[in-house]
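Observations on the model geometry
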Amino acid sequence: MAATTPARRVAIVGTGHRAQTFTEAFSRRPHLHVAALCDTNPVRIAHHNDLLAAAGRPKATAYAAEDFERLLRTEAIDEVLVTTVDALHDHYIVPALEHGARVVTEKPMTVDAERCARILETVRRTGNSLSVAFNYRFNPVHERVRRLLTEGAVGEVLSVHFEWLLDVRHGADYFRRWHREKANSGGLMVHKSSHHFDLVNWWLGARPEQVFGYGRLAFYGREAGERTGYRRDYERAHGARAAADDPFAVHLEDNEALRSLYLRAEAEDGYLRDRNVFGDGITIEDDMALLVRYSTGATMTYHLTAYSPWEGYRVMFNGTRGRLELQVEESLWQPPRSRVSSAKGAVHGDTALANAGGHRVTVHPLWQPPHEVPVTGFDHAGHGGGDARMLDALYGPADPDTPADTGDAAGLRANEIDGALALAAGLAANRSFATGRPVDIADVVRV
């Protein structure tokens, strides 16, 4: 009789919303066993243990955040998933690598140059594996664009224009929660745009060299809210009459997952998940414009808007043999409702919306008529279908007898160098916002 390979022992550190995707995925993979859950908040740990139990898997041992290194030793951990507040990623990545575990971290890899250098040094010193969960690489549309560019559909790419729009449901959510403080998230240039900067690095096969940009808090925050008339007078939505019909508010009590993860957990650590987006203390920008130069000589103009009526993005590549255009409409508009129906919904972009639009890839060759390029496998749910494909590539399929559709998994997976280069563009942008000057990537992060 053949010996059965023991399940690999997994630890999840950081048990908030995003970790749910991984907890549920691990519970469907018999070759993985979630042995430990680690967080500052035992109520959130209990929520994830309930997810495991609902899937018929044993509950994991709970550990406080300060006991993470003891967790590694005690539980004989093989795999670590890091989904904490962004500024704390290195606190867990470094000891996990030193322990010898394979580590996957949510993006961004970290939030500043010092933490980035610490992570890179640890990977070099230990020789152990770190992957960054850039799920947008696994979106079939994005993979198709990369193949077209690699195959020379538009020749040598000389310039890129990239516009990303977050609607007033999803975009506002960054201003309700911990992301609103740059010390925690690095701002949207680091937290959100690291996705986009990684895509462009990957699409072009290039490294960013210099960044210049402008960024400001133009729409959210007290001052802007009073100027536009959108501000309602409350600190947090729960229990506030002024928030009852505010389309910018999220009501935690209306959704079981949000109640369990956040409202019931408040007594443990005081974290408020439903702050007023037009309140005080917001230190991140909501409107950002950049000019980036790459190692190939190509340039990119980039704009991120966090208060759009519709959500999606447009990317245009201008090359020596033509132009490639990508457009994805993740929501065509947002109704002025004051309730969110899902913890995985419009707020986070995890599920397909009833008002989602289409996706289109068009090639415009020189001297020839344009043509659309069909893409199969795209799904508005799960970040364009990228989540499921990424999970299969990182952890293997749930059913080992069923081949997983992971595309070119080796070419899609992002390592610590990819994580550092995506981070570098965001950090350089933040520095340029502050100084009003162009910033060389080499002066920010050395890779």
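Residues numbered from 1 in each chain as written. Predicted model: local features only at pLDDT ≥ 70, side-chain atom pairs only at ≥ 80, totals over all residues. Heavy atoms only, no water.

Comments concerning the sheet that holds strand β4 (residues 79–82)
Selection criterion: One requirement defines pairing of two strands: DSSP has to find at least two bridges between them. Secondary structure elements follow DSSP: runs of H or I no shorter than four residues count as helices, runs of E no shorter than two count as strands, and numbering proceeds from the N terminus. Here, residues are in contact when the closest pair of their heavy atoms is within 4.5 Å. Under this scheme, a helix contributes an axis fitted over its contacting stretch, all axes are lines through C-alpha atoms, and angles between N-to-C directions fall in the 0 to 180 degree range.
Reading across from one edge, β3-β2-β1-β4-β5-β6-β15 is the order of the seven strands in this open sheet, with mixed pairing throughout. The open sheet has two edge strands, β3 (61–64) and β15 (414–415), and neither has a second partner. Both strand β5 (residues 102–106) and strand β6 (residues 130–133) contribute to a ladder of four bridges, which runs parallel. Paired with Thr 105 across the strands is Val 132, a residue of β6. Seen against the sheet, helix α2 (residues 42–54) touches β2 (32–39) and β3 and runs at an angle of roughly 165 degrees to β2. Contacts between helix α15 (residues 386–395) and the sheet are confined to β2, β4, β5 and β6, with β5 contributing the most and set at about 160 degrees to the helix.

Observations regarding the UniProt feature "domain: Gfo/Idh/MocA-like oxidoreductase N-terminal" (unreviewed entry) in the protein
As a reminder, the rule being used: UniProt positions are given in the numbering used here, feature names are shortened, and annotations may be inferred rather than shown by experiment.
Per the UniProt record, the feature "domain: Gfo/Idh/MocA-like oxidoreductase N-terminal" (unreviewed entry) sits at residues 9–134. Secondary structure across residues 9–134 comprises 44% helix and 24% strand; the distance between its end C-alpha atoms is 23 Å.

A few points about the sheet that holds strand β13 (residues 359–365)
Within the open sheet, the nine strands sit side by side as β14-β13-β12-β11-β7-β10-β9-β8-β16. Their pairing is mixed. Every other strand in the sheet has two partners, leaving β14 (371–372) and β16 (439–440) as the edge strands with one partner each. By the bridge criterion, seven bridges tie strand β9 (residues 287–294) to strand β10 (residues 299–308) in an arrangement that is antiparallel. Within β10, the residue paired with Arg 293 across the bridge is Thr 299. Relative to the sheet, helix α10 (residues 193–204) contacts β7 (157–167), β8 (208–216), β9, β10, β11 (311–319) and β12 (322–331), its axis offset from that of β10 by approximately 155 degrees. Its contacts with the sheet put helix α17 (residues 416–435) on β8, β9 and β16, and the angle it makes with β8 is roughly 50 degrees.

Thoughts on the nonpolar core
Quick note on the threshold: Definition of nonpolar core: a set of buried residues of the types Ala, Val, Leu, Ile, Met, Phe, Trp, Tyr and Cys, connected through side-chain atoms within 4.5 Å. Buried, partly exposed and exposed residues are distinguished by accessible area as a fraction of the type maximum, computed with a 1.4 Å probe on protein chains only: under 20%, between the cut-offs, and over 50%, respectively. Where a domain begins and ends is set by an automatic assignment or by a domain database.
Ranked by internal contacts, the top residues of the largest apolar core, which has 118 residues, are Val 80, Trp 203 and Phe 317. The element that contributes the greatest number of residues to this core is α17, accounting for nine residues. Here this core spans two domains, since at least three of its residues come from each of domain 1 (8–132) and domain 2 (136–220 + 282–443). Excluding residues that lie within four positions of it along the chain, Val 80 makes contacts with Ala 11, Val 13, Phe 68, Leu 72, Ala 96, Ala 101, Arg 102, Val 103 and Val 104. Counting residues in each nonpolar core, the second largest holds eight residues, with Trp 178, Leu 252, Leu 258 and Tyr 271 among its members.

Quick word on α15
Each α-helix turn comprises 3.6 residues. Residues three or four places apart therefore point the same way. In terms of burial, α15 is a largely internal element, nine of the 10 residues being buried. Here α15 has its buried residues at Gly 386, Asp 387, Arg 389, Met 390, Leu 391, Asp 392, Ala 393, Leu 394 and Tyr 395. Looking one or two residues past α15, Gly 396 carries a phi angle of roughly 85 degrees, positive in sign.

As for the packing of α10 against α17
In plain terms, the rule: Crossings are sorted by hand: turned counterclockwise from the far helix by less than a right angle, the near helix makes the crossing left-handed, and turned clockwise it makes it right-handed. Note that Gly is not counted as nonpolar here; it falls among the polar residues with everything else outside the nonpolar set of Ala, Val, Leu, Ile, Met, Phe, Trp, Tyr, Cys and Pro and the charged set of Asp, Glu, Lys and Arg.
Contact geometry of α10 with α17 gives a least axis separation of 8 Å together with a crossing angle of 115 degrees. Considering how the two elements wind past one another, α10 and α17 form a crossing that is right-handed. Residues Ser 194, Phe 197, Asp 198 and Asn 201 of α10 lie in contact with α17, whose contacting residues are Asp 418, Leu 421, Ala 422, Ala 425 and Gly 426. Residues of the contact of α10 with α17, tallied by class, amount to four nonpolar, three polar and two charged.

Here we look at the layout of surface pockets
The condition that has to hold: Points on a 1 Å grid over protein atoms alone make up a cavity when a 1.4 Å probe fits among them but cannot get out, and a pocket when they form an open set with protein on both sides within 12 Å along at least five of seven lines; lining residues each have an atom within 4 Å of a point. Grid points are joined across faces, edges and corners, and a volume is the space filled by probe spheres set on the points.
Space inside the largest pocket adds up to approximately 820 Å³. Lining the largest pocket are 38 residues, with Thr 83, Thr 84, Val 85, Trp 178 and His 179 positioned closest to its centre. Elements represented by at least two residues in the lining of the largest pocket include exactly β2 and α4 (89–99). A class-by-class count of the residues in the lining of the largest pocket yields 12 nonpolar, 15 polar and 11 charged.

A word on the packing of aromatic side chains
Our working rule: We call Phe, Tyr and Trp rings a pair once their centres come within 6.5 Å, taking the six-membered ring for Trp, and we label the pair stacked below 30 degrees between planes, edge-to-face above 60, and tilted otherwise.
Considering all chains together, one arrives at 22 aromatic pairs under this definition. With 5.4 Å between their ring centres and 70 degrees between their planes, Tyr 136 and Trp 164 make a pair best called edge-to-face. Within this pair, whereas Tyr 136 is found in the loop between β6 and α6 (140–150), its partner Trp 164 is found in strand β7, the two being separated by 28 residues in sequence. As far as the burial class goes, Tyr 136 and Trp 164 line up, both buried.

With respect to the environment of Leu 32
Relative to the elements of secondary structure, Leu 32 occurs in strand β2. Relative accessible area serves as the criterion here: at 2%, Leu 32 is assigned to the buried category. For Leu 32, the contacting residues outside a window of four places in its chain are Ala 7, Arg 8, Val 10, Phe 26, Arg 57 and Tyr 395.

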